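Topology and contacts: notes
The residues making up each chain are set out below.
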Amino acid sequence: MTSDPSPPARRMSDELWNSRFLKACRREAVDATPVWLMRQAGRYMSEYRSLRSKVSFLELCKSPELAAETTIFAAETLGVDAAILFADILLILEPLGFHLEFSKGEGPVIHNPIREPADVADMEPLTDVSSLGYVYEAVRLIRAGLPSGLPLIGFAGAPFTLACYAIEGGGSRHYEKAKTFMYSHPAAWNALMTILTDSTARYLNAQVDAGAQVVQLFDSWVGSLGPDEYRRFVQPHMRRLFDQIDPEVPSIHFGTDTGSLLELQRDAGGSVIGLDWRVELDKCWERLGPEVAVQGNLDPITLFAPLSEIAAQTRRILDQAGGRPGHIFNLGHGILPHTPVDHVRALVQMVHEFSVK
Ligand code: CP3
């Protein structure tokens, strides 16, 4: 392995720079495979549910102290190799003019979704991202409160996934409103994607300035597109987004159901490509080539199964990674609300134990 080049512009301690997680992001050899889990702080934890019985989800996101406490508690309880900021991908829609609500049982609702091209003409990119100051304050508090060698991941929603919410007005099965808008009004679509892209780049850079070591882009719903549509309607924007992020800061490019899009996602950018459980890690890494790291890819439902099944699938994924530098163990998507906490903790231990050099 190449030795640590220690670039002069480095914004972190040696301890953070040499953490397992950041080494794996840079495809350097590690003592054991780093692991963290999407939605590692959430409803499957009784402490989280108890906090949520007192404050709403948006109140929690907007309280830097509570968001920091939630982030740090989850990372420390699980013994993972990275913390992820407690926030939500939809928060950026508020300063862009959308009325966001998280209603019980229904998930997120946007009360004034985009209906026609004229609605986009009224929008402006966030030039000043200080309206999301509570997020950067949470990042500062988390960085100050985390063990000094534990990296912090900042994140944002990718423009396609945000555009889906902004047009659908909430979750959707087929994204028919968003995709109809995209096919019918390509100029307005591109204007919307441009606004989301530029706003998101500034938002992520502000998270990095506040103390995040890595950023992850969640393109959770992009798997609803075929390769040609991805190329036409999404890829140029993703490329511009990644181009606006400091190349010293590792970036994780995550989507689900993207088995047919992986090369296009890689070409759009990101030092780490996220894989869900529908694909085989070894075959995908082969397709992606040696210039990127990979993250994944246990089916979150496996965590409901007996420990023997969790162990078998963990070994299988680690075998597929084959000890090559640049694998970050994760689920293929977020932890589900009723997941047994002891299985989550056991998974983290198994990843370390089975992969230790
Ligand atoms: O990973 C983490 O621990 C960090 C926190 C985080 C949350 N949401 C907390 C959250 C992250 C990274 C997200 C990202 C997010 N939010 C995505 C992309 C990832 C994915 O799952 O695909 C999406 C699509 C959203 C939008 C969103 N936020 C939905 C659809 C929901 C409802 C989910 C549900 O099951 O009700 C949320 C709410 C949300 N975001 C919760 C949490 C812990 C649950 C809120 C609650 O306490 O009731």
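In case you missed it, the structure is sitting above this.
Note that the structure is a prediction, hence the values are computed from the model and not measured.

**Digging into the overall build of the protein**
Across its full length, the protein holds 16 helices and nine strands. For 357 residues, the compact-globule estimate of 2.2 N^0.38 gives 21 Å, and the protein sits close to it at 19 Å. When the backbone C-alpha atoms are referred to their principal axes, the protein occupies close to 60 × 45 × 45 Å. Each of the 357 residues in the protein was classed as buried or not, and the buried ones make up 58%. Summarising the internal contacts of the protein: among those between residues at least 6 apart in sequence, 73% fall at separations of at least 24. Accessible surface, the protein: about 14500 Å² in total, of which carbon and sulfur atoms supply 51%. In the protein, which carries 33 positive and 44 negative side-chain charges, the distance between the mean positions of the two groups comes to 3 Å.

**Structural notes on the pattern of salt bridges**
Counting across every chain of the model gives 14 salt bridges. The closest approach of N and O atoms between Arg-26 and Glu-28, which form a salt bridge, is 2.8 Å. Given a relative accessible area of 9%, Glu-28 falls into the buried group. Among the salt bridges present, the one from Arg-231 reaches Asp-228, with a minimum N-O distance of 3.5 Å. Taken together, the residues Arg-231 and Asp-228, both in helix H11 (residues 227-233) and three residues apart, mark about one turn of the helix. Residues joined by salt bridges that share partners form a network here, namely Arg-11, Asp-209 and Asp-246.

**Points about a positive patch on the surface**
A contiguous patch of positive charge, built from Arg-39, Arg-43, Arg-52 and Lys-104, is present on the exposed surface. By the secondary structure assignment, Arg-43 is in the loop between helix H2 (20-25) and helix H3 (46-52).

**Observations regarding a nonpolar patch on the surface**
A contiguous nonpolar patch, built from Ile-301, Phe-304 and Leu-336 and spanning about 250 Å² of accessible area, is present on the exposed surface. Counting through the fold element by element, Leu-336 comes out in the loop between strand S9 (327-331) and helix H16 (341-355).

**Some points on the site of the ligand**
Looking at the ligand, there are 23 residues lining it, with Arg-39, Arg-43, Tyr-48, Ser-220 and His-333 nearest. For the ligand, an oxygen atom lies 2.7 Å from a polar atom in the side chain of Arg-52. Between the ligand and His-333, the relevant distance is 2.5 Å, taken from an oxygen atom to a side-chain nitrogen or oxygen of the residue. Surface burial for the ligand is 87%, taken as the share of its 870 Å² of free accessible area covered by protein chains.

**Structural notes on the nonpolar core**
Core analysis: the largest hydrophobic core is formed by 134 residues, its most contacted members being Phe-21 and Trp-36. Ranked by the residues each element gives to this core, the list is headed by helix H10 (residues 186-210), at 12 residues. Not counting residues within four places of it along the chain, the set of residues in contact with Phe-21 comprises Pro-34, Trp-36, Asp-81, Ala-82, Pro-151, Ile-153, Val-214, Ile-252 and Ile-328.

**Overview of the packing of aromatic side chains**
In the structure shown here, the tally under the stated rule is nine aromatic pairs. A centroid spacing of 5.4 Å and a plane angle of 85 degrees characterise the contact between Phe-155 and Phe-218, whose relative ring orientation is edge-to-face. Taken together, the residues Phe-155 in strand S4 (residues 152-157) and Phe-218 in strand S5 (residues 214-219) connect sequence positions 63 residues apart. Both residues of the pair, Phe-155 and Phe-218, count as buried. Following the ring pairs from residue to residue traces out a cluster consisting of Tyr-48, Phe-57, Phe-86 and Phe-102. Cation over ring: Arg-26 sits above Trp-17, and NZ or CZ is 3.8 Å from the ring centre. Above the plane of the ring of Phe-354 lies Arg-315, whose end atom (NZ or CZ) is 3.7 Å from the centre.

**Here's the deal with the pairing of strand S8 (residues 293-298)**
By the criterion of burial, S8 is predominantly enclosed, with six of the six residues buried. Pairing of strand S7 (residues 272-274) with S8 involves three bridges; the strand directions are parallel. In the sheet register, Ile-273 faces S8, and the bridge partner there is Val-294. Of the crossover connections in this fold, the one passing from S7 over helix H14 (residues 281-288) to the parallel S8 is right-handed. Where S8 meets S9, five bridges bridge the pair, whose relative direction is parallel. In the strand pairing of S9, Gly-296 is matched with Phe-329. Following the backbone out of S8, through helix H15 (residues 307-321) and into the adjacent parallel S9, one traces a crossover that is right-handed.

**Let's talk about the sheet that holds S9**
The seven strands lie next to each other as S1-S4-S5-S6-S7-S8-S9, forming an open sheet whose pairing is parallel. Lying at the two open borders of the sheet, with one neighbouring strand each, are strand S1 (83-84) and S9. Contacting S7, S8 and S9, H14 crosses the sheet at an angle of about 160 degrees to S8.

**With respect to H15**
The first and last C-alpha atoms of H15 sit 21 Å apart over 15 residues, in line with the 21 Å expected at 1.5 Å per residue. Every buried residue of H15 is listed here: Ile-310, Ala-311, Gln-313, Thr-314, Ile-317, Leu-318, Gln-320 and Ala-321. Gly-322 lies just past H15 and shows a positive phi near 65 degrees.

Thresholds, definitions, all that
Each chain has its residues counted from 1, running along the sequence as written. Reporting in this predicted model follows two pLDDT cut-offs: at least 70 for local features of residues, and 80 or more for side-chain atom pairs to be given and counted; totals over whole chains, interfaces and linings ignore these cut-offs and use all residues. Side-chain figures throughout are based on the complete set of non-hydrogen atoms in the structure, without hydrogens or water. Here a helix means four or more residues in a row that DSSP labels H or I, a strand means two or more in a row labelled E, and each is numbered from the N terminus. Two things to know: the radius of gyration comes from C-alpha atoms, and the globule rule equals 2.2 Å times the number of residues to the power 0.38. When a residue's accessible area, from a 1.4 Å probe over protein chains only, is under 20% of the maximum for its type it is buried; when over 50% it is exposed; and in between it is partly exposed. Any two residues whose heavy atoms approach within 4.5 Å are treated as being in contact. In this description, accessible areas are obtained by the Shrake-Rupley approach with a 1.4 Å probe, and a residue is regarded as covered only by the protein chains that are shown. When charges are counted, neither His nor the chain ends are considered; positive counts come from Lys and Arg and negative counts from Asp and Glu. To locate a charge, the coordinates of NZ of Lys, CZ of Arg, CG of Asp or CD of Glu are taken. Just to be clear on terms, a salt bridge is a Lys or Arg side-chain nitrogen sitting within 4 Å of an Asp or Glu carboxyl oxygen. Within this analysis, patches are made of residues with over 30% relative accessible area and no salt bridge. Like charges are joined at 9 Å or less; nonpolar side chains (Val, Leu, Ile, Met, Phe, Trp, Tyr) at 5 Å or less. Any residue with a heavy atom lying within 4 Å of a molecule or strand is counted as near it. Whenever two N or O atoms come within 3.5 Å, that pair is a polar contact, provided that in protein one can donate a hydrogen and the other can accept it, and provided that, for residues adjacent in sequence, both atoms are side-chain atoms. Take the buried Ala, Val, Leu, Ile, Met, Phe, Trp, Tyr and Cys residues and link them wherever side-chain atoms come within 4.5 Å; each set so joined is a nonpolar core. Working definition: rings of Phe, Tyr and Trp (its six-membered ring) pair if their centres are within 6.5 Å, and the pair is stacked with planes under 30 degrees apart, edge-to-face with planes over 60 apart, and tilted otherwise. By the criterion adopted, a ring carries a charge over it if an Arg CZ or a Lys NZ lies within 6 Å of its centre and within 35 degrees of its normal. Between any two strands, at least two bridges found by DSSP are needed for them to pair. Crossovers are marked right-handed if the path from the first strand over the helix to the second runs clockwise, as seen with the strands pointing away from the viewer. Axis definition: a line fitted to C-alpha atoms, over the contacting stretch in the case of helices. Angles run 0 to 180 degrees between N-to-C directions. One less than the number of residues in a helix, times 1.5 Å, gives the span that helix is expected to have.

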